[in-house]
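A structural walkthrough
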Amino acid sequence: TGNGGCFFIEEENAVILIFNSTFSYNYAAVHGGVMYMGSSGSVEISHSEFYTNSALEGTGGLMSSFGMVQLMLQHSVVHGHSADIGGVFYSSTTNLQGSEDRLFKSSYVLMDSVLQDNQAYGDGGMLMAGKAVLVQVFNCHVAANTCSQGEGGALYISVDGGLEMLDSQLHNN
């Protein structure tokens, strides 16, 4: 598929809930090896496993979002993903209109999860957060994520972005 190996979501204010699920060996030719979100919405992922998903020539081996997206990933394992940019997650809010009153337009909250052995060719071996994206990492194990030709082996936080981290282990990134 071009975008969204499993899910292609364009619905404004979409609500996506994923619980107790496994996604493996899915791919997209361009964006979002598992999920592509082209609009605003929320995604909650809990107690799930993601293995070896990829965006072959684009962004987000697991998920690419191009709108105001609130992501919550908790109690999950993410392993072996790849993409050109943002090995697991890619978030872009660059082209959003009408939301200038919000400091952060999107948020990615990662809690009680393992994210390891993911890779990007360019920036963000695990996560590439574009302009005005808040990334929060709580009690996570983030290891062995790499980017071969870019910046941020684990995380790349762009202009006007934010990062909050608590009780997490990052090593060999």
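Residues numbered from 1 in each chain as written. Predicted model: local features only at pLDDT ≥ 70, side-chain atom pairs only at ≥ 80, totals over all residues. Heavy atoms only, no water.

1. Notes on unusual backbone geometry
In this structure, His 47 takes a positive phi of about 50 degrees despite not being glycine. Mapped onto the fold, His 47 is located in the loop between β6 (41-46) and β7 (49-51). (Helix = DSSP H or I, 4+ residues; strand = E, 2+ residues; numbered from the N terminus.)

2. Concerning the sheet that holds strand β4 (residues 27-28)
Paired through their backbone hydrogen bonds, the strands of a sheet run either parallel or antiparallel. Taken in spatial order, the 5 strands make up an open sheet running β4-β8-β12-β16-β20, and their pairing is parallel. Each end of this open sheet is capped by a strand with a single partner; those strands are β4 and β20 (146-147). (Pairing = 2+ DSSP bridges.)

3. Focus on the nonpolar core
Of all hydrophobic cores here, the largest spans 32 residues; its most connected members are Met 35, Val 43, Met 63 and Phe 89. Every residue in contact with Phe 89, bar those within four places of it in the chain, is listed here: Gly 60, Leu 62, Met 63, Leu 71, Leu 73, Tyr 108, Leu 110, Leu 115, Met 126, Leu 127 and Met 128. (Core = buried A, V, L, I, M, F, W, Y, C linked by side-chain atoms within 4.5 Å. Buried < 20%, exposed > 50% of the residue type's maximum accessible area, 1.4 Å probe, protein only. Contact = heavy atoms within 4.5 Å.)

4. Section: the sheet that holds strand β1 (residues 7-9)
Pairing within the open sheet is parallel, and its 6 strands lie in the order β1-β5-β9-β13-β17-β21. Of all the strands in the sheet, just β1 and β21 (155-157) have a single pairing partner and so form its edges. Geometrically, the sheet is characterised by an average inter-axis angle of 5 degrees between neighbouring strands, direction not taken into account. Across 3 bridges, the pairing between strand β9 (residues 63-65) and strand β13 (residues 89-91) is parallel. Along β13, the bridge assignment pairs Ser 65 with Ser 91. (Axes fitted to C-alpha atoms, helices over the stretch in contact; angles between N-to-C directions.)

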